[in-house]
Amino acid sequence: MCHLMRALLVPSMQAVQALLPRLSQGDPAHKMAVAEAIRDAMAFAARASKGFSSQTKMASCGCVEPFLEALDVFLPALQCNEKGDPRSIVHAGVRQFLHRMVVCLDEEIFPCIPVAIRHLVTNCTEPRDLYEFVPLISQMVSKFKGKVAGYLKGVFVSVVTTIWAVLSQQSDPSDSLLIQDLKLLRRAYYQFIASLFNYAATEIIFDQDRETIFRVLLTLIEGTLDCSDTNSQKTCFGVLRKVISTPGMVPKQYEEDMNQFLFKHLIPAAFSAPSKPEFDLNDAQNILVRRRTEERGWRTRWRG
């Protein structure tokens, strides 16, 4: 069956390989047509994977290799230099195919994860490119949990520093679309960090250097003080509570740093957020945030 599936996928792979160099040629209408053709070729391959599922694995039918070959061909499309709609269209095609591979493959997909992320973060400056892709990383974490940690550790810094750089860009207050994109990226980032805590993959964070660990924690503090997005605010408080209430989560060499972080940043944030004038005490999400700040974990000194 493997050779039959390869025969089905080869035309899609050949189409993508032939069309990618043409994406930078011609007028805008031509570029859009090429981008849509690339997306459609990937969509055909993704559709071919519909015969498999989380129950009926590709490995059981001997079809893993053809789909991994297709993934090797499709992933470089994430590095296309075109901006705007053509880039978004191509990225959508890659995401759709990669989503199907996460569903249908098991550990066979692990080596492809760092490759996909490196392709994505190269020259990435658009918040939309990131916030539409980050949930896919969270999906991988939720499915594979700690098993995927070894493959994500090496690219974690690249992911978060790219996100931080994009979020720190100066934005025009009148550009409502960009502001919305940045808000969605910030929310996707917090959900990604939360997924590492929810699915036993915290070593991805805590095996990094001290600067990275506490930079991540400080971004969570920033999230607790942002009353404009109560969903993210609640997520950040929930993650930070796990940090201080789970023994041994923070590496032993950073215990004193964590104590300073607790008293300098965490406890003040727990009091500051509910006291902000924008904090609506009648809003359901804000009530959940307030309850998070009142839970026992915030009143207990972290002991490592």
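As the structure is a computational prediction, the values presented were derived from the model and not from experiment. (Residues numbered from 1 in each chain as written. Predicted model: local features only at pLDDT ≥ 70, side-chain atom pairs only at ≥ 80, totals over all residues. Heavy atoms only, no water.)

**Q** Hey, could you run me through the overall build of the chain in this one?
**A** A tally of regular secondary structure across the chain gives 15 helices and zero strands. Here the C-alpha coordinates of the chain stretch approximately 60 × 50 × 35 Å along the principal axes. Looking at the 304 residues of the chain, the share that counts as buried comes to 48%. Counted over contacts in the chain with a minimum sequence separation of 6, partners at least 24 positions apart contribute 76%. Carbon and sulfur atoms make up 51% of the accessible area of the chain, which amounts to about 14,300 Å² in all. (Helix = DSSP H or I, 4+ residues; strand = E, 2+ residues; numbered from the N terminus. Buried < 20%, exposed > 50% of the residue type's maximum accessible area, 1.4 Å probe, protein only. Contact = heavy atoms within 4.5 Å. Areas by Shrake-Rupley, 256 points an atom, 1.4 Å probe, with all protein chains shown as cover.)

**Q** Please explain the environment of R241 as it appears in this structure.
**A** Take R241: it is sitting in helix α13 (residues 230-245). Along the backbone, R241 and L182 are 59 residues apart, and their C-alpha atoms lie at a distance of 26 Å.

**Q** I tried to follow helix α12 (residues 210-224) on my own but got confused; where do I start?
**A** Taking 1.5 Å of rise per residue, 15 residues should cover 21 Å, and α12 covers 21 Å from first to last C-alpha, within 8% of that figure. Taken together, the buried positions of α12 are occupied by T212, I213, F214, V216, L217, T219, L220, I221, G223 and T224. On the buried face of α12, the contacting elements are α9 (149-167), α10 (176-198), α11 (203-206), α13 and α14 (255-275). (Expected span 1.5 Å × (residues − 1).)

**Q** Explain the packing of aromatic side chains here, please?
**A** We describe a pair of aromatic rings using the distance from one ring centre to the other and the angle between the two ring planes. Taken as a whole, this structure holds 10 aromatic pairs when the rule is applied. Here F52 and F67 contribute two aromatic rings whose centre-to-centre distance is 6.1 Å and whose plane-to-plane angle is 85°, an arrangement assigned as edge-to-face. Taken as a pair, F52 in the loop between α2 (28-48) and α3 (58-61) and F67 in helix α4 (residues 64-74) lie far apart in primary sequence, 15 residues in all. Between F197 and F206, the ring centres sit 6.1 Å apart and the planes meet at 90°, which makes this aromatic pair edge-to-face. Assigned by exposure class, F197 and F206 land together as buried. Three or more aromatic residues link up through ring pairs in this structure, and these residues are F52, F67, F74 and F97. (Phe/Tyr/Trp six-rings, centres within 6.5 Å; stacked < 30°, edge-to-face > 60°.)

**Q** What is the right way to read the packing of α10 against α12 from this model?
**A** Any two packed helices are characterised by the angle at which their axes cross and by the distance between the axes. Relative to each other, α10 and α12 sit at 125°, their axes nearing to 11 Å. Of the possible angle classes, the one that applies to α10 and α12 is oblique. Relative to α12, the crossing made by α10 is left-handed. Each of Y189, Y190 and I193 in α10 lies in contact with α12, whose residues at this interface are V216, T219, L220, E222 and G223. Partitioned by chemical class, the residues of the contact of α10 with α12 number five nonpolar, two polar and one charged. (Axes fitted to C-alpha atoms, helices over the stretch in contact; angles between N-to-C directions. Parallel < 35°, antiparallel > 145°, perpendicular 65-115°, else oblique. Left-handed = near helix turned anticlockwise from the far one by under 90°. Nonpolar A, V, L, I, M, F, W, Y, C, P; charged D, E, K, R; others polar.)

**Q** Sorry, what's going on with the pattern of salt bridges here?
**A** Oppositely charged side chains may form a pair once their charged atoms are brought near each other. Within the structure shown, the criterion is met by 11 salt bridges. For the salt bridge of R39 with D40, the shortest nitrogen-to-oxygen distance reads 3.3 Å. You can call R39 partly exposed: its relative accessible area is 30%. Residue D40 is classed as partly exposed on the basis of its relative accessible area, which comes to 43%. For D229, the salt bridge goes to R187, with nearest N and O atoms at 3.1 Å. Here D229 is found in the loop between α12 and α13, whereas its partner R187 is found in helix α10, with 42 residues between them in sequence. Judged by its relative accessible area of 6%, D229 falls in the buried class. For R187, a relative accessible area of 25% gives the class partly exposed. Where salt bridges share partners, they join R6, E65 and E69 into one cluster. (Salt bridge = Lys/Arg side-chain N within 4 Å of Asp/Glu carboxyl O.)

**Q** What is the right way to read the side chain of T219 from this model?
**A** In this fold, T219 is placed in helix α12. Accessibility expressed as a relative area gives 6% for T219, which makes it buried. Setting aside residues up to four positions removed in sequence, T219 forms contacts with W164, Y189 and Y190.

**Q** How should I be thinking about the environment of H91 in this particular structure?
**A** Its location among the elements puts H91 in helix α5 (residues 85-104). Looking at H91, the relative accessible area reads 1%, which means it is buried. Distance from H91 to I38, taken between C-alpha atoms, is 9.8 Å for residues 53 residues apart in sequence.

**Q** Explain the packing of helix α6 (residues 112-121) against α9 to me, please; I cannot follow it from the model alone.
**A** Viewed as axis vectors pointing N to C, α6 and α9 meet at an angle of 15°, and their least axial separation amounts to 9 Å. Here α6 is positioned roughly parallel relative to α9, judged by the angle of their axes. As for the relative orientation of α6 and α9, their crossing is left-handed in sense. Contacts from I113, P114, I117, R118 and V121 of α6 reach α9 at Y151, L152, V155, S158, V159 and T162. Residue composition of the contact of α6 with α9, by class: eight nonpolar, two polar and one charged.

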